[in-house]
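Read off the chains here:
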Amino acid sequence: MVLKIVKTVWPVMLTYVAIGAPCGMIMAQTGMEPWMVFALSSTFVTGSGQFMVCNLWLAGVPAASIVASVAAISSRFALYSASIAPHLRGASKRQTLAVAATLTEEAYGISLAKLVKGEDWGPLESFVLNAILIATWGVSCTTGAIVGAVVDVPTAIAGFVCTSLFICLLFSQRLSRGNVVAAVSGAVSVAICKFLGWTNIAVPASVLVGVMRCGFYRTALSRRSRAMSSPKEGVIAMPVNEFLVLWLSSWAAIAFFRIAPAFALRGRTLSPRVAEALGYIPPAAFAALVANDLISPDAFDAGLWQGLIPWVAAAGVVAVAIKTKSMLWCCVSGIALYIVLSLV
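All figures in this text were calculated on a predicted structure; none of them were measured in a lab.

Caption draft 1: Region of the structure containing the confidence of the model for the protein. Looking at the protein as a whole, its pLDDT mean stands at 78, while 84% of the residues score no less than 70. Element-level mean pLDDT values for the protein span from 59 in helix H11 (residues 202-225) up to 90 in helix H14 (residues 304-324).

What follows is the structure in C-alpha cells.
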C-alpha cells in the first residue's frame, strides 16, 4: 500500500523537498535550532504558516500577533476538513482524528478526488498519504535548517523569499470580485496600520478588515441586484520558551481548524455564509502579508533605489506567479531578481 501511495504522490514529494529546504534555511535565520524546525514542520504541516512565522519574526512582530496571523490563514483548513468530513462517515473517531489532524492541502486534494471517484481508498490510505508528506516536509525543512546554520543567508533575501511565496499564493486564489475586494482591503489596511504606527497588529487586523469589508460589499451587491517591515539585521536568537509559546499556541489553532469540522460535520456541510467568509480569508491574508513586507514608512531612508528594489522585484514575481502559479519558480525568480537589482 505504501509503495502504491508513493507512486501516486512522488511529484508532490519532490516539490516538498524543493520548497522545504529553503524554508528550513530561512527558519534557521530566525534563530531556530534544527530540533525546533523539525518539531514545527512536523506539526504545522503548512508551508505558508511556517513562512509567515519566519517573516513576521524577522520583522520583529510580537509572538501574540504572529499566532493570530497564523490562526487566521490556517482557518482555510476548516474548509478542507468540512468538505472531506462526509466521506468519513463510516470511519471511527480515531481514524477521523488521524486523517483530520494530519491533513495537508496537497494530500486533501488527492484523497478527496479518490474518495469522490469511489476508488479503493479509505481513512487508512488517507492517513498514510498524509504521514508520507509530513515526513518528507519535516526532513526537508530540517535539512535546510542544518545547511542554513553554516551558510550565511542575508536577512533581506530570506525575507523576500517569503514575500515571493506570498505573492504566488495570492495570485493562485480564484479570481472573483469578492476575493479582489478582500485582497485590496487587506493591503490598504496594512498600509494604514503601518503609517499609524500599529505595526504589531497590522496583519491580523487587516485580515479581519478584508473579510468584513468583503462581507459588506457582498451585502450591498446583493441589495442592488435585488502588510514588509525592514528586517532586522543578523540572526535573531529565538529563546526556547518563546519558541514553545509560539509553536504550541499556533499549533493549537491549526489543529482546531483541522479537527473540529471533521467531527462536527460528518454527514453535514458548512452553511454557505460561513463557507464564503472562510473563503475570503486567504486572499485577504496573503495580500496583507505582501503589503506588510513591501510597505514601510522609512523604506526610502537609505535612498530611492534601495526603497524601490523590493517593489521592482515583487513586480517580476507577480508576472511569474500569473504565468506559472509555481511556488518554486516564484521563490527562485524572487531571489534572482532581488540579488540582481541589489547589484545595480
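There is more to say after this.
Caption draft 2: Just helix H2 (residues 34-44), in detail. For H2, every residue scored as buried is listed here: Met36, Val37, Ala39, Leu40, Ser41, Thr43 and Phe44. Each element contacted by the buried residues of H2 is listed here: helix H1 (2-29), helix H3 (47-58), helix H4 (63-74), helix H8 (123-150) and helix H12 (240-264).

Caption draft 3: Structural context of the packing of aromatic side chains. Counting across every chain of the model gives four aromatic pairs. Arranged with centres 5.6 Å apart and planes meeting at 20°, the rings of phenylalanine 243 and tryptophan 247 form a pair that is stacked. A residue pair is termed a helical-turn pair when its members lie 3 or 4 positions apart in one helix, as phenylalanine 243 and tryptophan 247 do in helix H12 at four residues. Here phenylalanine 243 falls in the buried class, since its relative accessible area comes to 0%. Residue tryptophan 247 is classed as buried on the basis of its relative accessible area, which comes to 16%. Linked through ring pairs, Trp35, Phe243 and Trp247 together constitute an aromatic cluster.

Caption draft 4: Examining the nonpolar core more closely. Judged by nonpolar contacts, the single largest core of 80 residues is most densely connected at Val9, Met32, Phe51, Ile66, Leu129, Leu133 and Phe166. Counting residues per element, this core draws most heavily on H1, which supplies 10 residues. When neighbours within four sequence positions are excluded, isoleucine 66 is seen to be in contact with Val53, Leu56, Trp57, Val61 and Leu246. Membership of the second largest hydrophobic core comes to five residues, among which are Val190, Ala191, Ala288 and Ile295.

Caption draft 5: Summary view of a nonpolar patch on the surface. Together, Leu175, Val180, Val184, Val188, Ile192, Leu196 and Trp198 make up a nonpolar patch on the protein surface, roughly 710 Å² of accessible area in all. By the secondary structure assignment, valine 180 is in helix H10 (residues 177-195). Taking relative accessible area as the criterion, valine 180 reaches 39% and is therefore assigned partly exposed.

Caption draft 6: Expanded view of the environment of glycine 186. Summarising the element assignment, glycine 186 is placed in helix H10. A residue is classified by how much of its surface remains accessible, and glycine 186, at 0% relative accessible area, is buried. It is 10.0 Å that separates the C-alpha atoms of glycine 186 and methionine 212, two residues lying 26 residues apart in sequence. With residues up to four places along the chain from it excluded, the contact list for glycine 186 reads Ser206, Gly210, Ala284 and Ala288.

Caption draft 7: Just the packing of helix H6 (residues 93-101) against H12, in detail. Running from N to C, H6 and H12 cross one another at 145°; their axes reach a closest spacing of 8 Å. In the packing of H6 onto H12, the handedness of the crossing is right-handed. Contacts from Lys93, Thr96, Leu97, Ala100 and Ala101 of H6 reach H12 at Arg258, Ile259, Ala262 and Phe263. Split into classes, the residues belonging to the contact of H6 with H12 amount to six nonpolar, one polar and two charged.

Caption draft 8: Examining helix H7 (residues 105-117) more closely. Under the 1.5 Å per step criterion, the end-to-end length of H7 is 18 Å for 13 residues, consistent within 8% with the ideal 18 Å. All buried positions along H7 are accounted for by Ala107, Tyr108, Ile110, Ser111, Leu112, Lys114 and Leu115. Of the surrounding secondary structure, the elements contacted by the buried residues of H7 are H1, helix H5 (76-84) and H8. Remark: glycine 118 follows H7 within two positions and exhibits a positive phi of approximately 75°.

Caption draft 9: Structural detail: the state of the cysteines. Scanning the entire structure with this criterion turns up zero disulfides. Left unpaired, cysteine 54 is separated from the closest cysteine sulfur, that of cysteine 23, by 5.5 Å.

Caption draft 10: Broad picture of the packing of H2 against H8. Where H2 meets H8, the closest approach of the two axes is 8 Å, and the angle between their N-to-C directions is 155°. Of the possible angle classes, the one that applies to H2 and H8 is roughly antiparallel. For the crossing formed where H2 meets H8, the hand is right-handed. Side by side, H2 and H8 meet where Pro34, Val37, Phe38, Ser41 and Ser42 of the first sit next to Ile134, Trp137, Gly138, Val139, Cys141, Thr142, Ala145 and Ile146 of the second. Among the residues making up the contact of H2 with H8, the classes are represented as nine nonpolar, four polar and no charged.

Caption draft 11: Just unusual backbone geometry, in detail. The backbone phi angle of lysine 325 is positive, close to 55°, even though this residue is not glycine. Along the chain, the position of lysine 325 falls in the loop between H14 and helix H15 (327-343).

Cut-offs and rules
Residues numbered from 1 in each chain as written. Predicted model: local features only at pLDDT ≥ 70, side-chain atom pairs only at ≥ 80, totals over all residues. Heavy atoms only, no water. pLDDT = per-residue confidence, 0-100. Helix = DSSP H or I, 4+ residues; strand = E, 2+ residues; numbered from the N terminus. Buried < 20%, exposed > 50% of the residue type's maximum accessible area, 1.4 Å probe, protein only. Contact = heavy atoms within 4.5 Å. Phe/Tyr/Trp six-rings, centres within 6.5 Å; stacked < 30°, edge-to-face > 60°. Core = buried A, V, L, I, M, F, W, Y, C linked by side-chain atoms within 4.5 Å. Patch = residues over 30% accessible without salt bridge, like charges linked within 9 Å, V, L, I, M, F, W, Y side chains within 5 Å. Areas by Shrake-Rupley, 256 points an atom, 1.4 Å probe, with all protein chains shown as cover. Salt bridge = Lys/Arg side-chain N within 4 Å of Asp/Glu carboxyl O. Axes fitted to C-alpha atoms, helices over the stretch in contact; angles between N-to-C directions. Left-handed = near helix turned anticlockwise from the far one by under 90°. Nonpolar A, V, L, I, M, F, W, Y, C, P; charged D, E, K, R; others polar. Expected span 1.5 Å × (residues − 1). Disulfide = S-S within 2.5 Å. Parallel < 35°, antiparallel > 145°, perpendicular 65-115°, else oblique.

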